[in-house]
Amino acid sequence: MNISEKVITKINNVLMMNYEAEKIYLDASELVDDNEFKAFFSERGFERNEFSRALHKEITKLGAEPQSFDRLNRLSSRYHIIWKNMRPLLKKGNERELLDQVCSVIQWSIDNYNSLLQEINLSLSLCKLLVGQRDILHVTMNAIRANRTLAV
């Protein structure tokens, strides 16, 4: 299958976004005091790591080179905005605002997945992977919103 450079760039951008989300979650798990939030952030970080591994394999399967983030020294402006907003909330104890920030990370991710899914000529395996990962994100966000609503 001949896949355009534009599509490969978009797939690599989703890979980068998952790397950044993983970093946000793992850093958050180290800063937050509450054990439930520690576990939640660790689980989300692991989940994003798994997403990245699967995307990496899919890019390779398409005959392209996955972007490497081993020595990443430049994160996106969106990452910095989210982290700047989230970091003070980790120690503050304001669960509602913290969960709003988590939902913004998830929505950022869903938007990136949807943008990629609009591309034509994606392989069936890539489409299935992207839809599956996006749906997991939706389930997580809906669970957060439902639990937050029940707590009010």
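Scroll up for the structure.
This write-up is about the structure you can find in this document. (Residues numbered from 1 in each chain as written. Predicted model: local features only at pLDDT ≥ 70, side-chain atom pairs only at ≥ 80, totals over all residues. Heavy atoms only, no water.)

## Comments concerning helix 3 (residues 77-92)
Turning to step 1, where the next piece is worked out: When the terminal C-alpha atoms of helix 3 are compared, their 24 Å separation across 16 residues agrees well with the 22 Å that a helix rising 1.5 Å per residue should span.
Turning to step 2, where the next piece is worked out: When helix 3 is considered as a whole, its buried residues turn out to be Tyr79, Ile82, Trp83, Met86, Leu89 and Leu90.
Turning to step 3, where the next piece is worked out: Against the buried residues of helix 3 lie helix 1 (5-31), helix 2 (35-61) and helix 4 (95-117).
Turning to step 4, where the next piece is worked out: Phi for Gly93, located one or two positions after helix 3, is positive at around 90°. (Helix = DSSP H or I, 4+ residues; strand = E, 2+ residues; numbered from the N terminus. Expected span 1.5 Å × (residues − 1). Buried < 20%, exposed > 50% of the residue type's maximum accessible area, 1.4 Å probe, protein only. Contact = heavy atoms within 4.5 Å.)

## Examining the pattern of salt bridges
Turning to step 1, where the next piece is worked out: Within the structure shown, the criterion is met by seven salt bridges.
Turning to step 2, where the next piece is worked out: Residue Glu119 is joined to Lys10 by a salt bridge in which the shortest nitrogen-to-oxygen separation is 2.8 Å. One end of the pair, Glu119, is in the loop between helix 4 and helix 5 (124-151); the other, Lys10, is in helix 1, with 109 residues separating them in the sequence.
Turning to step 3, where the next piece is worked out: By relative accessible area, Glu119 is classed as buried at 15%.
Turning to step 4, where the next piece is worked out: In this structure, Asp135 and Arg134 form a salt bridge, with 3.4 Å as the shortest nitrogen-oxygen distance.
Turning to step 5, where the next piece is worked out: Put simply, Lys6, Lys10 and Glu119 are held in one network by salt bridges that share partners. (Salt bridge = Lys/Arg side-chain N within 4 Å of Asp/Glu carboxyl O.)

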